[in-house]
Amino acid sequence: MWKKFLTVLLCSFFLAGCMVMHSDAKTVTKAEEPSAKKTEKVRADVFQEKMASALHPVLANGHADFNVYVQDLRQQLVYVNKSEVLPSASMIKMYILAYSYQQMQQGKLSERETITLRQSDKVGGAGNIQGLRNGTPLSISYLLTKMVVDSDNVATNMVIDRLGMDNIQRYITDHGYQDTKLQRRMMDFTAQRQGRENYTSVRDLAKIFVRLYQRQCVSPEADKSMLEILKGQTDNDKIAVGLAAGSVFAHKTGELEGYLHDGGIVYNPKGDYLLIIMTRENNGPGTVTQDMVQISRLVTREIYP
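Before going into details, it helps to say that this report is about the structure given with it. Computed from a predicted model, the values in this text were never measured in an experiment.

Our focus in this paragraph is the pattern of salt bridges. Under the defined criterion, the tally for this structure stands at ten salt bridges. Measuring nitrogen to oxygen at the nearest pair gives 2.6 Å for the salt bridge that ties aspartate 150 to lysine 146. A salt bridge links aspartate 161 to arginine 185, with the shortest nitrogen-to-oxygen separation between them at 2.9 Å. Of this pair, aspartate 161 sits in helix H4 (residues 153-163) while arginine 185 sits in the loop between helix H5 (165-174) and helix H6 (189-193), and the two are 24 residues apart along the sequence. According to the relative accessible area criterion, aspartate 161 is partly exposed, its value standing at 40%. Sharing partners across several salt bridges, the network here consists of Asp65, Glu84 and Arg280.

Within strand S9 (residues 273-281), eight of the nine residues are buried, which leaves it mostly tucked inside the rest of the structure. Here strand S1 (residues 64-72) pairs with S9 via nine bridges, running antiparallel. Within the sheet, the bridge partner assigned to alanine 64 lies in S9 and is glutamate 281. Direction of pairing for strand S8 (residues 259-267) relative to S9: antiparallel, over a ladder of eight bridges. In the sheet register, leucine 260 faces S9, and the bridge partner there is threonine 279. Counting the residues that bridge the hairpin from S8 to S9 gives five residues, and of these glycine 271 lies at a positive phi of roughly 155 degrees.

What follows is about the packing of aromatic side chains. As enumerated under the stated definition, the model contains four aromatic pairs in all. Aromatic pair tyrosine 273 and tyrosine 304: ring centres 6.2 Å apart, planes at 45 degrees, arrangement tilted. Of this pair, tyrosine 273 sits in strand S9 while tyrosine 304 sits in the segment after helix H9 (285-303), placing them 31 residues apart in sequence. Across the pair, exposure class does not vary: tyrosine 273 and tyrosine 304 are buried alike.

Our focus in this paragraph is the packing of helix H2 (residues 93-105) against H5. At their nearest, the axes of H2 and H5 sit 10 Å apart, and the two run at 95 degrees to each other. One finds that H2 runs roughly perpendicular with respect to H5. Facing H2, whose interface residues are Tyr95, Ile96, Ala98, Tyr99 and Gln102, H5 presents Asn167, Ile168, Tyr171 and Ile172. In terms of residue class, the contact of H2 with H5 is built from seven nonpolar, two polar and no charged.

Looking now at the sheet that holds S1. The strand order S2-S1-S9-S8-S7 describes an open sheet built from five strands, whose pairing is antiparallel. What marks the edges here is a single partner per strand, and that holds for strand S2 (77-80) and strand S7 (248-256). Pairs of neighbouring strands in the sheet enclose a mean axial angle of 5 degrees, with direction left out of account. Taken together, the nine bridges between S7 and S8 define a ladder with antiparallel strand orientation. Along S8, the bridge assignment pairs histidine 251 with glycine 264. In the packing of H9 onto the sheet, the strands contacted are S1, S7, S8 and S9, and the crossing angle to S9 comes to about 155 degrees.

To continue, consider unusual backbone geometry. Despite not being glycine, glutamine 76 has its phi angle at roughly 60 degrees, a positive value. Relative to the assigned elements, glutamine 76 resides in the loop between S1 and S2. In the Ramachandran plot, alanine 89 falls in the positive-phi region, its phi being about 50 degrees despite a non-glycine side chain. Tracing the backbone shows alanine 89 in the loop between strand S3 (86-87) and H2. Judged by its relative accessible area of 10%, alanine 89 is buried.

About the thresholds
- Residues numbered from 1 in each chain as written.
- Predicted model: local features only at pLDDT ≥ 70, side-chain atom pairs only at ≥ 80, totals over all residues.
- Heavy atoms only, no water.
- Salt bridge = Lys/Arg side-chain N within 4 Å of Asp/Glu carboxyl O.
- Helix = DSSP H or I, 4+ residues; strand = E, 2+ residues; numbered from the N terminus.
- Buried < 20%, exposed > 50% of the residue type's maximum accessible area, 1.4 Å probe, protein only.
- Pairing = 2+ DSSP bridges.
- Phe/Tyr/Trp six-rings, centres within 6.5 Å; stacked < 30°, edge-to-face > 60°.
- Axes fitted to C-alpha atoms, helices over the stretch in contact; angles between N-to-C directions.
- Parallel < 35°, antiparallel > 145°, perpendicular 65-115°, else oblique.
- Contact = heavy atoms within 4.5 Å.
- Nonpolar A, V, L, I, M, F, W, Y, C, P; charged D, E, K, R; others polar.

As structure tokens, then:
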């Protein structure tokens, strides 16, 4: 009988010990979770502070009001000094491009479809389609490519007319680009004088570029095609100049009197990142262009020294 009693007693002590150990294990696990979150926040704060300190001399030089957005796409760390709603200039073409590919994805538009060039389509500014003969048939694929790589305004207006400005704006709104508005065709100075301007922000541009990078904008195949077009950009005298050797830049630029913009995805040999700069100029585009080159160099150096 004593043997039975001792056996029961020893089993009770053993079970109690197991319960204490199990309880301690839970406590340790719960204690680790806040610590991990705190570390993540510290890393984000350090990234913000480091980038702000590095860029301060340029951002504070008085040449322009700079809106800068940086995102380390490997570690998902973000720096943004401010994100104002600014006249978009040709950055609005990013959203027109995305909507065009959505329509192709849905079978409502074909890259082989052609539109005949008319005299009424011809406007000034960037691009060389205005020099083509009236009656020339131009494919959607050609127009979209020229709209981006040469920022061709005639190509853009032909695409806007084909798709409908209201439809493009509905796409913009439905996809959460809350600072972005398409309210006029390119080079429509009458609409501009009437207060109808096109707008966007570095945050909205970051959103569409990240979706493209993650292949979540339209579809993996469509996004790949758009990125290839963006990599063919011919205006490369701003951010592109400051990138590390071996980098590939999928980007769009924009220029309007008093405003100069550039931004996109940097495929860096050490890791990819996003850099978008929108400016309200104070001293003319020449000075600001050099500032954008310097910002690009500083960002590259800080992310991947």
